[in-house]
Amino acid sequence: VALWFGGFNPGFDFANIGESYGAMPYVAFRFFPNLFGALIPLAAWWLGRELGFSRLSAFSAGLFLVLDNALLTHSHFVVFDVFMLFFGFAGLAAFFRARNQEYNLKWLALSGFLIGCSISSKWVGLVFLSAALITAAFDCVAKLIKTGTRFFQPKNYFLLLKIFFVLVVVPVVVYASVFIAHFALITKSGSGNAFLSPEFQSKNFY
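Small disclaimer: the values here were computed from a predicted structure and weren't measured. Every chain is numbered on its own, with residues counted from 1 as its sequence reads. Under the rules for a predicted model, residues below a pLDDT of 70 receive no local features and side-chain atom pairs below 80 are neither given nor counted, while totals for whole chains, interfaces and linings still include all residues. Excluded from the side-chain calculations are hydrogens and water; all other atoms, namely the structure's heavy atoms, are used.

(A) Fine view of the overall build of the protein chain. Along its length, the protein chain carries ten helices and zero strands. Counting only C-alpha atoms, the protein chain reaches 65 × 45 × 25 Å along its principal axes. Buried residues in the protein chain amount to 33% of all 206 residues. As presented, the protein chain carries roughly 13,300 Å² of accessible surface, and 70% of it is formed by carbon and sulfur atoms. Positive charges come from Lys and Arg alone, negative charges from Asp and Glu alone, with His and the N- and C-terminal ends not counted. The atoms used to mark charge sites are NZ of Lys, CZ of Arg, CG of Asp and CD of Glu. Computing the positive centroid from 14 side-chain charges and the negative centroid from 8, the protein chain places the two 16 Å apart. Each helix corresponds to a stretch of at least 4 residues labelled H or I by DSSP, and each strand to a stretch of at least 2 residues labelled E; elements are numbered beginning at the N terminus. Think of it in three bands: residues with accessible area under 20% of the maximum for their type are buried, residues over 50% are exposed, and the middle band is partly exposed, with areas taken using a 1.4 Å probe on protein chains only. Note on areas: Shrake-Rupley with a 1.4 Å probe; residue coverage comes only from the protein chains shown.

Structure representation (structure tokens):
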């Protein structure tokens, strides 16, 4: 989207490191990675606050990320890591906000959407989903131990269904939607096809 607004014309193949960009709008190319890289410390601060950190501790967590050279470098390259980290931290923060409010559906839904975006960026984003699911499972087991047979009530069944739907179904829908759009936009063959099997080059999403 940034390249489209920047007037990018396809044809630059990025084949040689250090090659002149010429008229290629590299500022537009790097706009979103820079933007989301800058937002990662804010997402980490939010997560820290939802985990019960003091304002100073949460600020320190964000500050350490601001000063992280690896993260700074990633933010200046056109790579997906910054998107995965931002959506993952923000998704986990939304999850703990939901958890702090008795698994509020609004925040839980936002969490599922953001974590789905993280996984859609890179599969490493599954670590954020795992953290949320393990925490939710721990809460359910702790509640079962505490209440015994009283746990088996309609409201708790609804809670389990809500958690499953939002943390499993919603990320899957987000992931599928992203790649449906991806395959719909990329319909022409290119040099990258050499790395893919003929079956995959048919763009058969299913």
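The rest of the description comes next.
(B) How the structure looks around the layout of surface pockets. A pocket, in this scheme, is an open set of points on a 1 Å grid over the protein atoms alone with protein on both sides within 12 Å along at least 5 of 7 lines, while a cavity is a set where a 1.4 Å probe fits but cannot get out; residues line either one if an atom lies within 4 Å of a point. Grid points are joined across faces, edges and corners, and a volume is the space filled by probe spheres set on the points. Space inside the largest pocket adds up to approximately 1,800 Å³. Lining of the largest pocket is provided by 41 residues; of these, Val1, Leu3, Phe80, His182 and Ile186 occupy positions nearest its centre. Contributing elements (two or more residues each) for the lining of the largest pocket: helix 1 (2-6), helix 2 (26-29), helix 3 (31-50), helix 6 (81-100), helix 7 (105-121) and helix 9 (154-185). At six residues, helix 9 tops the list of elements feeding residues into the lining of the largest pocket. Classification convention: Asp, Glu, Lys, Arg as charged; Ala, Val, Leu, Ile, Met, Phe, Trp, Tyr, Cys, Pro as nonpolar; all other residues, Gly among them, as polar. Of the residues contributing to the lining of the largest pocket, the split by class is 28 nonpolar, nine polar and four charged. Its volume calculated, the second largest pocket comes out at about 320 Å³. Along its surface, the second largest pocket is lined by 14 residues, and Glu102, Tyr103, Asp139, Lys143 and Leu159 are the ones closest to its centre. Elements that contribute at least two residues to the lining of the second largest pocket include exactly helix 8 (126-147) and helix 9. Of the residues contributing to the lining of the second largest pocket, the split by class is five nonpolar, two polar and seven charged.

(C) Highlighting the environment of Lys146. In this structure, Lys146 sits in helix 8. By relative accessible area, which is 72% here, Lys146 ends up exposed.

(D) View of the side chain of Asp139. With respect to the helices and strands, Asp139 occurs in helix 8. Classification of Asp139 by relative accessible area gives buried; the value is 19%. Contacts were defined at the residue level, with two residues in contact if any of their heavy atoms lie within 4.5 Å. Those residues in contact with Asp139 that sit more than four places away from it in its chain are Arg99 and Tyr103.

(E) Quick look at the packing of helix 3 against helix 4 (residues 55-66). Lines are fitted to the C-alpha atoms to define the axes, a helix being fitted only along its stretch in contact, and any angle between axes, read from their N-to-C directions, falls within 0 to 180 degrees. Running from amino to carboxyl end, helix 3 crosses helix 4 at an angle of 155°, the nearest separation of the two axes being 8 Å. Relative to helix 4, helix 3 is oriented roughly antiparallel. Judged by the twist between their axes, the crossing of helix 3 over helix 4 is right-handed. Side by side, helix 3 and helix 4 meet where Ile40, Pro41, Ala44, Trp45, Gly48 and Arg49 of the first sit next to Arg55, Ala58, Phe59, Gly62, Leu65 and Val66 of the second. Note on terminology: angles under 35 degrees are roughly parallel, angles over 145 are roughly antiparallel, angles of 65 to 115 are roughly perpendicular, and the others are oblique. By convention, the crossing between two helices is left-handed when the near helix turns anticlockwise from the far helix through less than a right angle, and right-handed when the turn is clockwise.

(F) Focus on the pattern of salt bridges. Put simply, a salt bridge is a Lys or Arg side-chain nitrogen that is within 4 Å of an Asp or Glu carboxyl oxygen. Counted according to the given criterion, the structure contains three salt bridges. Close ionic contact of Asp81 with Lys122 constitutes a salt bridge, the shortest N to O distance being 3.3 Å. You can see Asp81 sitting in helix 6 and its partner Lys122 sitting in the loop between helix 7 and helix 8, a full 41 residues away along the chain. The exposure class of Asp81 is buried, given its relative accessible area of 18%.

(G) Structural detail: the packing of helix 6 against helix 8. Where helix 6 meets helix 8, the closest approach of the two axes is 9 Å, and the angle between their N-to-C directions is 15°. Overall, the two elements helix 6 and helix 8 adopt an arrangement that is roughly parallel. As for how helix 6 packs across helix 8, the hand of that crossing is right-handed. Seen from helix 6, the contacting residues are Met84, Leu85, Gly88, Phe89, Leu92, Phe95, Phe96 and Arg99; seen from helix 8, they are Phe128, Ala131, Ala132, Thr135, Ala136 and Asp139. Of the residues contributing to the contact of helix 6 with helix 8, the split by class is ten nonpolar, two polar and two charged.

(H) Representation of the side chain of Ser111 in the model. You can see Ser111 is positioned in helix 7. With residues near it in sequence (within four places) discarded, Ser111 still touches Gly91, Ala94, Phe95 and Leu167.

None of this, on its own, says anything about what the molecule does.
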